[in-house]
Amino acid sequence: MSKILIASGGTGGHIFPAIVFGKSLQEKGDTVSWLCGSRELEGVIYRSSGIEPVILPLSGSPMGTRSVTKIFTRIIDVFKSFFMTLRYFSKFKPDEVYLFGGYISFAPLIVAKMKGVPVTLHEQNTVAGKVTRMAAKMGARITTGWPVCEGVKDFEYVGIPVREPVRIERAEALRILGVTVREGAKIVGVAGGSLGSGPLSEILKETAKLCPECEFIFLSSKEKHNEGNAHFIPPQWDMNPFYSVCDVLVCRAGGSTLAEAMKWGMNTVTIAWPGAMDNHQTKNAEEFVKLSPNGRMFNEKDSPENLAGLIKRM
């Protein structure tokens, strides 16, 4: 049996695959510990799965902001995280380290290399992030969620660890979600990712008006409320009830979300976030539609009328 340290933070797209992978190791008898950042959302996601992670004092990358103050603060946080990780390595003494990308992986990568502990980094997107590229140059084993990974030459395609689907009968799933819909209506689920997506919600609110025969369920950070056939509910960490009611899923193109859509075999319209680093969401979406017979891409700049038509056809 091994002692495994897993570092994953930032968003659910990084964290959920790490949780699924770590729990599979625990089932084999390994001892697993998780490192994450200090964003409140990270702790909420981990605790929703019964995990109390070790929290590093890091809430973002110094390269992820233009604010001079934030850059300076985050650089200091990187150094604090490095020394905290160094102390934790000495205490936990991991046999292996698994990183799931993003800024949270930087300190564990450096410390693991200093300590001579084997490192594997999993990249969930089709474009390697900065820490992934650094890890590759430092000789870490790179595994990927997709058959392509721009930015690294040597990698092993393993797919993305996702939560096992548990299909729930529709009436029960709607009860759990707290949503009432017209009997027999088709349901369109809208998921903007763990950080939400205001622009996506605005597009889909207009689209819902053009699809009066459908009911739309939005996962959003707002309090539960209805606007005609559009139902807004809080984020769901257990996605089984939500996915169980979706006749069509509309989502951003985060790698983990698309992997779950494929696992469920859902009719899926993916709308890439145009502000994603290195345009990786568009490239994720392109790869997704190659692999998923039920997947379609839609451009955020296109009209709600065209999106409504696509949803109706699906």
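Residues numbered from 1 in each chain as written. Predicted model: local features only at pLDDT ≥ 70, side-chain atom pairs only at ≥ 80, totals over all residues. Heavy atoms only, no water.

## Side note on a nonpolar patch on the surface
Here is step 1 of the chain: Together, Ile75, Phe79 and Phe83 make up an exposed nonpolar region whose accessible area comes to about 310 Å².
Here is step 2 of the chain: Mapped onto the fold, Phe79 is located in helix H3 (residues 68-92). (Patch = residues over 30% accessible without salt bridge, like charges linked within 9 Å, V, L, I, M, F, W, Y side chains within 5 Å. Areas by Shrake-Rupley, 256 points an atom, 1.4 Å probe, with all protein chains shown as cover. Salt bridge = Lys/Arg side-chain N within 4 Å of Asp/Glu carboxyl O. Helix = DSSP H or I, 4+ residues; strand = E, 2+ residues; numbered from the N terminus.)

## Structural notes on the environment of Ser244
Here is step 1 of the chain: Along the chain, the position of Ser244 falls in helix H8 (residues 240-245).
Here is step 2 of the chain: C-alpha of Ser244 to C-alpha of Phe83: the two residues are 161 residues apart in sequence and 44 Å apart in space.
Here is step 3 of the chain: The contact partners of Ser244, leaving out residues within four places of it in the chain, are Val166, Arg167, Ile168, Ala173 and Trp264.
Here is step 4 of the chain: A polar contact of 2.9 Å, which involves the side chain of Ser244, links it to the backbone nitrogen of Ile168. (Contact = heavy atoms within 4.5 Å. Polar contact = N/O pair within 3.5 Å; in protein donor to acceptor, adjacent residues only side chain to side chain.)

## What to know about the packing of helix H7 (residues 198-209) against helix H11 (residues 304-313)
Here is step 1 of the chain: Remark: H7 packs on H11, axes separated minimally by 9 Å, with the N-to-C direction vectors making an angle of 65°. When the interaxial angle is binned, H7 and H11 end up roughly perpendicular. Considering how the two elements wind past one another, H7 and H11 form a crossing that is right-handed. Across the interface between the two elements, Ile203, Leu204, Glu206 and Thr207 from H7 touch Pro304, Leu307, Ala308 and Ile311 from H11. (Axes fitted to C-alpha atoms, helices over the stretch in contact; angles between N-to-C directions. Parallel < 35°, antiparallel > 145°, perpendicular 65-115°, else oblique. Left-handed = near helix turned anticlockwise from the far one by under 90°.)

## Quick look at the sheet that holds strand E2 (residues 31-36)
Here is step 1 of the chain: Across the sheet, which stays open at both edges, the 7 strands sit in the order E3-E2-E1-E4-E5-E6-E7 with parallel pairing between neighbours. If you trace the sheet from one side to the other, it starts and ends with strand E3 (54-55) and strand E7 (156-157), each paired once.
Here is step 2 of the chain: When strand E1 (residues 3-7) meets strand E4 (residues 96-99), the two strands line up parallel, connected through 4 bridges. Note on E4: the bridge partner recorded for Ala7 is Leu99. (Pairing = 2+ DSSP bridges.)

## Comments concerning helix H10 (residues 280-291)
Here is step 1 of the chain: Taking 1.5 Å per residue as the helical rise, H10 with its 12 residues ought to reach 16 Å, and the 17 Å between its terminal C-alpha atoms agrees with that figure.
Here is step 2 of the chain: Restricting attention to buried positions, one finds in H10 the residues His280, Gln281, Thr282, Asn284, Ala285, Glu287 and Phe288.
Here is step 3 of the chain: On its buried face, H10 sits against helix H9 (255-264), strand E13 (267-270) and strand E14 (295-297). (Expected span 1.5 Å × (residues − 1). Buried < 20%, exposed > 50% of the residue type's maximum accessible area, 1.4 Å probe, protein only.)

## Quick look at the packing of aromatic side chains
Here is step 1 of the chain: Counted according to the given criterion, the structure contains 9 aromatic pairs.
Here is step 2 of the chain: Judged by centre distance (4.5 Å) and plane angle (20°), the ring pair of Phe218 and Phe232 falls under stacked. Here Phe218, found in strand E9 (residues 214-219), pairs with Phe232, found in strand E11 (residues 230-233); they are 14 residues apart in sequence, far enough to count as distant. Of the two residues examined, Phe218 and Phe232, each falls in the buried class.
Here is step 3 of the chain: Feature note: the residues Phe21, Tyr98 and Phe100 constitute an aromatic cluster, connected by ring pairs. (Phe/Tyr/Trp six-rings, centres within 6.5 Å; stacked < 30°, edge-to-face > 60°.)

## A closer look at the nonpolar core
Here is step 1 of the chain: Ranked by size, the top nonpolar core spans 30 residues in total, and within it Ile217, Phe242 and Leu249 carry the most contacts.
Here is step 2 of the chain: Those elements that place two or more of their residues in this core are helix H6 (170-177), strand E8 (186-191), E9, H8, strand E12 (248-251), H9 and H10.
Here is step 3 of the chain: In terms of residue count, the dominant contributor to this core is H9 (4 residues).
Here is step 4 of the chain: Ignoring sequence-local partners within four residues, the contact set of Phe242 consists of Leu177, Gly189, Val190, Ala191, Ile217, Leu219 and Leu249.
Here is step 5 of the chain: Leu56, Phe89, Val111 and Ala135 belong to the second largest nonpolar core, which has 29 residues in total. (Core = buried A, V, L, I, M, F, W, Y, C linked by side-chain atoms within 4.5 Å.)

## A word on the sheet that holds E12
Within a sheet, adjacent strands bond to each other through the backbone by hydrogen bonds, running parallel or antiparallel.
Here is step 1 of the chain: What the 7 strands build is an open sheet, ordered E10-E11-E9-E8-E12-E13-E14; its pairing is mixed. The two strands at the open ends of the sheet, each matched to only one other strand, are strand E10 (225-227) and E14. On average, adjacent strands in this sheet sit at an angle of 20° to one another, irrespective of strand direction.
Here is step 2 of the chain: Sheet topology note: the E10/E11 ladder contains 3 bridges and is antiparallel. Across the sheet, residue Glu227 finds its bridge partner in E11, namely Ala230.
Here is step 3 of the chain: Its contacts with the sheet place H10 against E13 and E14, and it is angled at close to 145° to E14.

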